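# Understanding the architecture of this molecule
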Amino acid sequence: MSLEFGDQTVIVTGAGGGLGRQYALEFARRGAAVVVNDAGGSVAGAGGSDVPASRVVEEIVANGGRAVASLDSIATPEGGAAVVDAAIAAFGRVDVVVHNAGILRDKSLVKLDWADLDAVLDVHLRGAFYVSKPAFIHMKDSKYGRFVFTSSNAGVFGNFGQSNYGAAKAGLVGLSNVLAIEGAKSGITSNVIMPVARTRMTEDLLGHFADQVAPELVTPMVVFLASAACELTHECFSAVGGRYARVFTGLTQGWYAGKGVVPSAEDILVHLDEIENRDGYTVPLSTADELTALLPLLAQE
Ligand SMILES: NC(=O)c1ccc[n+]([C@@H]2O[C@H](COP(=O)([O-])OP(=O)(O)OC[C@H]3O[C@@H](n4cnc5c(N)ncnc54)[C@H](O)[C@@H]3O)[C@@H](O)[C@H]2O)c1
């Protein structure tokens, strides 16, 4: 089976370099019309340039593909809306949003100032809202859409010195889960990618892993999640060095204190093994999933 995007328009934010560039080239190679969004700043988000996005567009067009550049910063509501407007103006529709734009302002919490918190939340998390809301409205009308949000092991698993980045990246999982639920009736799916790859963002951090984590190795998972063939939604995948794996939030069977019983903190300590025990865990896909599964337990006398 071949996954083609012939009549589709794909928005990739932060597509002027690194991972986003690889995604944009591959979507275009598979026939998509691509909006190559990139504001062209530094890794920390300083400055701006039209060069990165324009170069990727030139590369796509030189290969016979279709693409337009969007130089808007997705860190503002106007910028996010402008990216979606660019897709509609150039190609008349938007089928896929890969929110990939990102910056780093790493500092331990003690040293973090609010400007570094705001800058990181604005690009990764608020930016995701600013692009996905207008795109979602179009997708609901056309009863089809695919979202891929870029999270990180720093957010889902944690990493020293990345409280701002980690919180933003974990927030993207929350946004994706809710979009998956809100989009389900309209043929819209939403999933998350957690990449690790050698890019300008990570070149000084990867050490001996660097040679084995080419950004091209993340692209197949993102293209699959963005395709019509992907019926998965509400999921999260790690893609690192050619290993693709599902990441999920599980709920243990836990310990039930009993009807009408208000346990003490000491009771929690005594039952910690049951609370922590992963045997028979479930993976709820909504708040209702968690609560429905509780009903038989709560009904016990
Ligand atoms: N490289 C990794 O190992 C890794 C690991 C986990 C997550 N990620 C995430 O993957 C994504 C891509 O990162 P990368 O490694 O390719 O780094 P990168 O710096 O090469 O790419 C990020 C791109 O986003 C653009 N960008 C930044 N702010 C923007 C804004 N406000 N509006 C539009 N464009 C903006 C930048 O100009 C840049 O081209 C990021 O979200 C990053 O956090 C990367």
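Residues numbered from 1 in each chain as written. Predicted model: local features only at pLDDT ≥ 70, side-chain atom pairs only at ≥ 80, totals over all residues. Heavy atoms only, no water.

## Brief notes about the overall build of the chain
We count it as follows: The helix and strand labels rest on DSSP assignments: H or I over at least four residues marks a helix, E over at least two residues marks a strand, and numbering proceeds from the N terminus. Note that the radius of gyration is over C-alpha atoms, with the globule rule given as 2.2 Å times the number of residues to the power 0.38. A simple rule labels every residue: compare its accessible area, found with a 1.4 Å probe on the protein chains alone, to the largest value its type can have, and call it buried under 20%, exposed over 50%, or partly exposed in between. We call two residues in contact when some of their heavy atoms are within 4.5 Å. Residue exposure ignores everything except the shown protein chains as possible cover, and the areas themselves are Shrake-Rupley values with a 1.4 Å probe.
Check the secondary structure of the chain and you find 10 helices and 8 strands. Relative to the globule expectation of 19 Å for 301 residues, the C-alpha radius of gyration of the chain, 21 Å, shows essentially globular dimensions. Considering only C-alpha atoms, the chain reaches an extent of 70 × 45 × 35 Å along its principal axes. Looking at the 301 residues of the chain, the share that counts as buried comes to 42%. Long-range pairs, those at least 24 residues apart, make up 69% of the contacts in the chain with a sequence separation of at least 6. Accessible area of the chain: about 15,100 Å², with a carbon and sulfur share of 57%.

## With respect to the state of the cysteines
To keep things clear, this is the line we draw: Defined by distance alone, a disulfide is two cysteine sulfur atoms within 2.5 Å.
Tallied over the entire structure, the rule returns 0 disulfides. As a non-bridged cysteine, Cys230 has Cys236 as the owner of its nearest cysteine sulfur, 13 Å distant. A relative accessible area of 0% means that Cys230 is categorised as buried.

## So, helix 4 (residues 114-142)
One turn of an α-helix holds 3.6 residues; hence residues three or four places apart share an orientation. For clarity, the threshold we go by: Helices are assigned an expected span. That span is 1.5 Å times one less than the residue count. Two axes define the bend at a residue: one fitted to the seven residues ending there, one fitted to the seven starting there, and the bend is the angle between them.
For helix 4, with 29 residues, the first-to-last C-alpha span of 40 Å sits near the 42 Å given by 1.5 Å per residue. Along helix 4, the helix axis deviates most sharply at Asp122, where the bend reaches about 45°. After helix 4 finishes, the residue Lys143 shows a positive phi value of roughly 60°.

## As for the site of the ligand
Here is the rule we go by: Here a residue counts as near a molecule or strand whenever at least one of its heavy atoms sits within 4 Å of it. Under this definition, polar contacts are N or O atom pairs within 3.5 Å; protein pairs additionally need one hydrogen-donor-capable and one acceptor-capable atom, and for neighbouring residues in sequence, both atoms have to be side-chain atoms.
Near the ligand there are 31 residues, and of these Asp38, Asn100, Tyr165, Ala197 and Thr199 occur at the shortest range. With respect to the ligand, the side chain of Asp38 contributes an N or O atom lying 2.5 Å from an oxygen atom. Ile74 is positioned with one of its backbone polar atoms (N or O) 3.1 Å from a nitrogen atom of the ligand. Here the ligand has 820 Å² of accessible area as a free molecule, and 95% of this is covered by the chains.

## Looking at the domain arrangement of the chain
Which entries qualify depends on this criterion: Domain start and stop positions are those given by an automatic or database domain assignment.
Along its sequence, the chain is carved into domain 1 (9-247) and domain 2 (250-301). Inter-centroid distance (C-alpha atoms) of domain 1 to domain 2 is 36 Å.

## Some thoughts on the nonpolar core
Generally speaking, a soluble globular protein has its nonpolar side chains buried in company with each other. Applicable threshold: To define a nonpolar core, start from buried Ala, Val, Leu, Ile, Met, Phe, Trp, Tyr and Cys residues and group those joined through side-chain atoms within 4.5 Å.
Within the largest apolar cluster, 36 residues are counted, with the highest numbers of intra-cluster contacts made by Ile11, Val94, Val97, Ala135, Phe147 and Phe149. No other element matches helix 4, which puts 10 residues into this core. Not counting chain neighbours up to four residues away, the residues in contact with Val97 comprise Ile11, Val131, Ala135, Met139, Arg146, Phe147 and Val148. Listed in part, the 32 residues of the second largest apolar core include Ala15, Ala24, Val222 and Leu225.

## Structural notes on the side chain of Ser190
Mapped onto the secondary structure, Ser190 falls in strand 6 (residues 188-196). By relative accessible area, which is 0% here, Ser190 ends up buried. Excluding residues within four positions of it along the chain, Ser190 makes contact with Phe147, Phe149, Ser176, Leu179, Ala180, Thr233, His234 and Glu235.

## Comments concerning the environment of Asn159
Looking at the secondary structure, you find Asn159 in the loop between helix 5 (153-156) and helix 6 (163-183). Note: C-alpha distance between Asn159 and Ser108 (51 residues apart in sequence) is 9.9 Å. Side chain to side chain, Asn159 and Gln162 meet in a polar contact 3.1 Å long.

## Quick notes on the pairing of strand 7 (residues 235-240)
Filter applied, for reference: Any two strands between which DSSP finds at least two bridges are classified as paired. The path from the first strand over the helix to the second decides the hand: if it runs clockwise while the strands point away from the viewer, the crossover is right-handed.
With 5 of its 6 residues buried, strand 7 lies for the most part within the structure. Both strand 6 and strand 7 contribute to a ladder of 6 bridges, which runs parallel. Looking at strand 7, one finds that Pro195 is bridged to Ala239. With respect to chirality, the unit in which strand 6 leads through helix 7 (residues 219-225) into the neighbouring parallel strand 7 is left-handed. Across 5 bridges, the pairing between strand 7 and strand 8 (residues 243-247) is antiparallel. Bridging across to strand 8, Val240 finds its partner in Arg243. Connecting strand 7 to the next strand, strand 8, in antiparallel fashion are 2 residues, including Gly241 with a positive phi near 55°.

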